[in-house]
Number of protein chains: 2
Amino acid sequence: MFDESVRPYLITRKLSPENQETPFHFTNLASIPEELLYRRNHFAYPPIHQESFRISILGEVARPRTLDYDFIRSLPPRTVAVVLECAGNKRSFFKPKTFGEQWERGAVGQGIWKGVSLSYLLQLAGIKPSAQEVVVEGWDAGSRDDMPGIFSYARSIPIQKAMQSDTILAYEFNGRPLTWRHGFPVRLIVPHWYAMASVKWVRKIIVTEFPFQGPFQTVDYQIYPDKANEQAKYPVTIMNVNSSIQRPLDRSIMRKGKHYIQGIAWTGLGEVRQVELSFDGGDTWVTARIGRTPVQPASWVHWGYEWDVNRAGEYLIISRAGDTYGRVQPMTAHWNRKGYSYNAADQVNVTVE
Amino acid sequence: MFDESVRPYLITRKLSPENQETPFHFTNLASIPEELLYRRNHFAYPPIHQESFRISILGEVARPRTLDYDFIRSLPPRTVAVVLECAGNKRSFFKPKTFGEQWERGAVGQGIWKGVSLSYLLQLAGIKPSAQEVVVEGWDAGSRDDMPGIFSYARSIPIQKAMQSDTILAYEFNGRPLTWRHGFPVRLIVPHWYAMASVKWVRKIIVTEFPFQGPFQTVDYQIYPDKANEQAKYPVTIMNVNSSIQRPLDRSIMRKGKHYIQGIAWTGLGEVRQVELSFDGGDTWVTARIGRTPVQPASWVHWGYEWDVNRAGEYLIISRAGDTYGRVQPMTAHWNRKGYSYNAADQVNVTVE
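Read on for a plain summary of the structure. (Residues numbered from 1 in each chain as written. Chains lettered and ligands numbered in written order. Predicted model: local features only at pLDDT ≥ 70, side-chain atom pairs only at ≥ 80, totals over all residues. Heavy atoms only, no water.)

1. Focus on the pattern of salt bridges
Under the counting rule described, the total for this entry stands at 34 salt bridges over all chains. A salt bridge links A:Arg39 to A:Glu18, with the shortest nitrogen-to-oxygen separation between them at 2.8 Å. Placement of the pair is A:Arg39 in strand β3 (residues 39–40) and A:Glu18 in strand β2 (residues 18–21), with a sequence separation of 21 residues. For the residue pair A:Arg39 and A:Glu18, the accessibility class agrees, reading buried in each case. Note that B:Arg144 is salt-bridged to B:Asp146, the shortest N-O span being 2.9 Å. A network of salt bridges, in which partner residues are shared, links A:Arg144, A:Asp146, A:Asp220 and A:Lys338. (Salt bridge = Lys/Arg side-chain N within 4 Å of Asp/Glu carboxyl O. Helix = DSSP H or I, 4+ residues; strand = E, 2+ residues; numbered from the N terminus. Buried < 20%, exposed > 50% of the residue type's maximum accessible area, 1.4 Å probe, protein only.)

Below you can see the structure in the form of structure tokens.
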């Protein structure tokens, strides 16, 4: 009765299927423990059976084959620190608001993924010159509200992305076998892309010569800039540059003196180059100190700044990251109907008494 | 690895001291299990020791005495179904926003409390005619940011409230001994008042002839209608009439057809008389069906309405409860600086496709 420690929990957004958010403000920045890694599902968890441990490689390959779990784990391993961000992360911050799960800052997580390069398996199977995309299909399946039929969750990536050695079929997270909730036995990890690409419970790998047209590719995970029609839509792919303030909490009551402001920043293109902070609503900016643990191209950075505040009053604290491709977080997010890829400069309001 | 069921968790607002919110949308309406009952603390959890099992009754009584846990449990029990609502419940919905823990709809909970009437103990001790208030002090204590010193958490109630037989010193919740987190061994339960009155870890009961002036009585838990000064302040006491929509979730995407809209309603004066719903932003209202489990004066009611919607579009669903004292939830909450007692009509936005 007395030994329970105080601890944070996942934030429930939906239970069927399970969609729960990392308690971002109450986790360690370096990596997210498995039990607090956000869970984002399109369908109920797939049952596990004998066939779950076999992955077929089909399509535009010279030697179609089926690989089993033990074989995959016997291949040369590759270990990557990768941030996974749900395309709907921060959806709740759009103005006007959009519909769907109202994720706040916690539909993002990072850990150490170990697996085998997808390119290694594709080379085993022999890619034909006609190959254009690699479709990865999961064991999770079900019906959709907007069209008849049963659909597997399946997504494609361009062959060039599939051949990058850091695109892996992962079987470990943070030094342990994947958990069922996060794709056991084997899931795809696509660094730098929003996490809808990182298919869980991998069942089939299909090399195609045409762009994949599944509903999770061409209906969902598209940016619809217009509320009423489908014109000018384009697919969600590479992550925007982004940052989130971890401390202080929004609407905190603070004392005068020194406070350590901290958060994370990440990008899908190059690396985070800088994080700036404003304490006056964006008129003036200071540069935060950046740390990176572990050092990996597709991991987030953590940043901090010692704020010395001696005047009582209300403050708007803003964080704004920029990357080595020259992208900088905008002050206002690019609104789109389904509420994807929010990356406006982050902000919290505090009062100093 | 495969037997974990999908379940909701508390929503973390602060870890030190622990402040976590009930996942209101994902709990059963009848009662909240202990592990999902919101946790609201002013200080770190107090250590438990031999003295924790003894309660002193002092002040304006003829026979001051100390009662132990076993003795208290041997007295005639009283069992009450009581809704406890944090004074800051729904604080995050104020516009303009106020500072402090940003509670949403889950700083409220209900269960079955068993204990002994406070009046029984006061009569044992013999109340003097001079008695005006009963101060209850908890074992939780610590410093405050706004004044020097160490303070116990302590609150008073008027002698008339203390003498109501449903005001109890509780030692069980939902048929089990209180947990440490919720006041073990003994806590106060004050039906119909906001829950700051229901002191946990009861240490002393002091009958006084003057109004209590502790900081949790006269600084906190006061309604400050003005942002800048302390004029016209008045104390938080009896709960406002209130309702919350449990389903659908805000920003849900729904199909045409029948949907069951449901929620809870409660009040600190009399009983809930009616709950009305609007689907057109407040122009027209329908009456929800009300159920009450268990039937108790200070419990919440649950309500439901079968909504048959056949036109696509966006809908604002509003719930508005009224009580037998003629109070009705306003469309806009009464703003106050510390963000207490929010009770505007509840609302969720949905889209029907």
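After that view of the structure, there is still more to cover.
2. Some words on the sheet that holds strand β19 (residues 272–278) of chain B
Residues and elements named next belong to chain B. One open sheet holds the five strands; their spatial order is β17-β24-β23-β19-β20, and the pairing between them is mixed. Looking at which strands have only one partner, the edges of the open sheet turn out to be β17 (252–254) and β20 (286–287). Bridge count between strand β23 (residues 313–323) and strand β24 (residues 346–352): seven bridges; the pairing is antiparallel. Bridging across to β24, Ser 319 finds its partner in Asp 346. (Pairing = 2+ DSSP bridges.)

3. Considerations on the relation of the copies chain B and chain A
One copy of the chain maps onto the other through a rotation about an axis followed by a shift along the same axis. For these two chains of identical sequence, chain B goes onto chain A by a turn of 180 degrees and a shift of 0.0 Å along the axis, with RMSD 0.0 Å. Seen this way, the second copy is the image of the first under a two-fold rotation axis. Mapped onto chain A, 100% of the interface residues of chain B are again interface residues, and the two copies thus contact each other with one and the same surface. (Least-squares fit on C-alpha atoms with pLDDT ≥ 70 in both. Contact = heavy atoms within 4.5 Å.)

4. Some details on the packing of aromatic side chains
The full count for this structure, using the stated rule, is 29 aromatic pairs over all chains. Where A:Phe279 meets A:Tyr305, the ring centres are 5.7 Å apart and the plane angle is 35 degrees; that geometry is what we call tilted. Note that A:Phe279 is positioned in the loop between β19 (272–278) and β20 (286–287) and A:Tyr305 in strand β22 (residues 301–309), a separation of 26 residues in sequence. With a relative accessible area of 14%, A:Phe279 lands in the buried category. Their ring planes at 85 degrees and their centres at 5.8 Å tell us that B:Tyr45 and B:Trp201 sit as a pair that is edge-to-face. Separated by 156 residues along the polypeptide, B:Tyr45 in the loop between β3 (39–40) and β4 (54–59) and B:Trp201 in the loop between β12 (187–189) and β13 (202–208) bring together distant segments of the chain. Aromatic rings pair up to connect A:Phe279, A:Tyr305, A:Trp307 and A:Tyr315 into one cluster. The positively charged end of A:Arg337 is found above the aromatic ring belonging to A:Tyr224, 4.6 Å away from the centroid. The ring centre of A:Phe99 lies 5.0 Å from the NZ or CZ of B:Arg251, which sits over that ring. (Phe/Tyr/Trp six-rings, centres within 6.5 Å; stacked < 30°, edge-to-face > 60°. Lys NZ or Arg CZ within 6 Å of the ring centre and 35° of its normal.)

5. Topic: the interface of chain B and chain A
Opposite the 43 residues of chain B that make contact, chain A presents 43 residues. Buried area between chain B and chain A, summed over both chains or domains, comes out near 3700 Å², and the portion from carbon and sulfur atoms is 63%. Contact with chain A buries area across many residues of chain B, yet B:Tyr9, B:Phe99 and B:Arg251 alone supply 21% of it, more than any other trio. There are four salt bridges connecting chain B and chain A. The shortest N-O distance in the salt bridge between B:Lys227 and A:Glu314 comes to 2.7 Å. (Buried area = accessible area lost by both parts, 1.4 Å probe.)

6. Some points on helix α2 (residues 118–125) of chain A
All names here are of chain A. Every buried residue of α2 is accounted for by Leu 118, Ser 119, Leu 121, Leu 122 and Ala 125. For α2, the buried positions fall inside an angular range of 160 degrees around the axis, keeping them on one side. Once α2 finishes, Gly 126 follows within two positions and takes phi at roughly 80 degrees, a positive value. (Arc of directions from axis to C-beta.)

7. Remarks on the environment of A:Arg91
Residue and element names in this part refer to chain A. If you trace the backbone, Arg 91 turns up in the loop between β6 (78–85) and β7 (108–117). Under the relative-accessibility criterion, Arg 91 is labelled buried at 8%. The spatial distance from the C-alpha of Arg 91 to the C-alpha of Val 219 is 18 Å, given a sequence separation of 128 residues. Here Arg 91 is in contact with Thr 98, Phe 99, Gly 100, Glu 101, Gln 102, Trp 103, Lys 338, Gly 339 and Tyr 340, once residues within four sequence places are set aside.

8. Here's the deal with the sheet that holds strand β21 (residues 289–291) of chain A
Residues and elements named next belong to chain A. Taking strand neighbours across the sheet as the criterion, the four strands line up as β16-β18-β22-β21 in an open arrangement whose pairing is antiparallel. This sheet does not close on itself; its edge strands, each paired only once, are β16 (242–247) and β21. Adjacent strand axes in the sheet meet at a mean angle of 30 degrees when their direction is disregarded. For strand β18 (residues 257–266) and β22, the ladder comprises nine bridges, and the chain directions are antiparallel. Residue pairing in the sheet places Tyr 260 in a bridge with Glu 306 of β22. (Axes fitted to C-alpha atoms, helices over the stretch in contact; angles between N-to-C directions.)

9. Overview of the pairing of β18(A)
Residues and elements named next belong to chain A. The buried fraction of β18 amounts to eight of the ten residues, a majority that puts the element mostly inside the structure. Where β16 and β18 come together, five bridges link them in antiparallel fashion. By the bridge assignment for β18, Ser 243 is matched with Ala 265.

10. Focus on the pairing of strand β5 (residues 65–68) of chain A
All names here are of chain A. Both strand β4 (residues 54–59) and β5 contribute to a ladder of four bridges, which runs antiparallel. Directly across from Ser 56, in β5, lies its bridge partner Thr 66. Counting the residues in the hairpin turn of β4 and β5 gives five residues.

11. Looking at the nonpolar core
Grouped together as the largest cluster of nonpolar side chains are 71 residues, with contacts concentrated most on A:Trp113, A:Leu118, A:Val134, A:Leu169, A:Met196, A:Ile205 and A:Val236. With near-sequence residues (within four places) excluded, A:Met196 lies in contact with A:Ala87, A:Tyr153, A:Arg155, A:Tyr221, A:Val236 and A:Thr237. In terms of nonpolar packing, the next biggest core, distinct from the first, is built from 67 residues, B:Leu29, B:Val80, B:Val134 and B:Val136 among them. (Core = buried A, V, L, I, M, F, W, Y, C linked by side-chain atoms within 4.5 Å.)

Everything listed is a geometric property; what it means functionally is a separate question.
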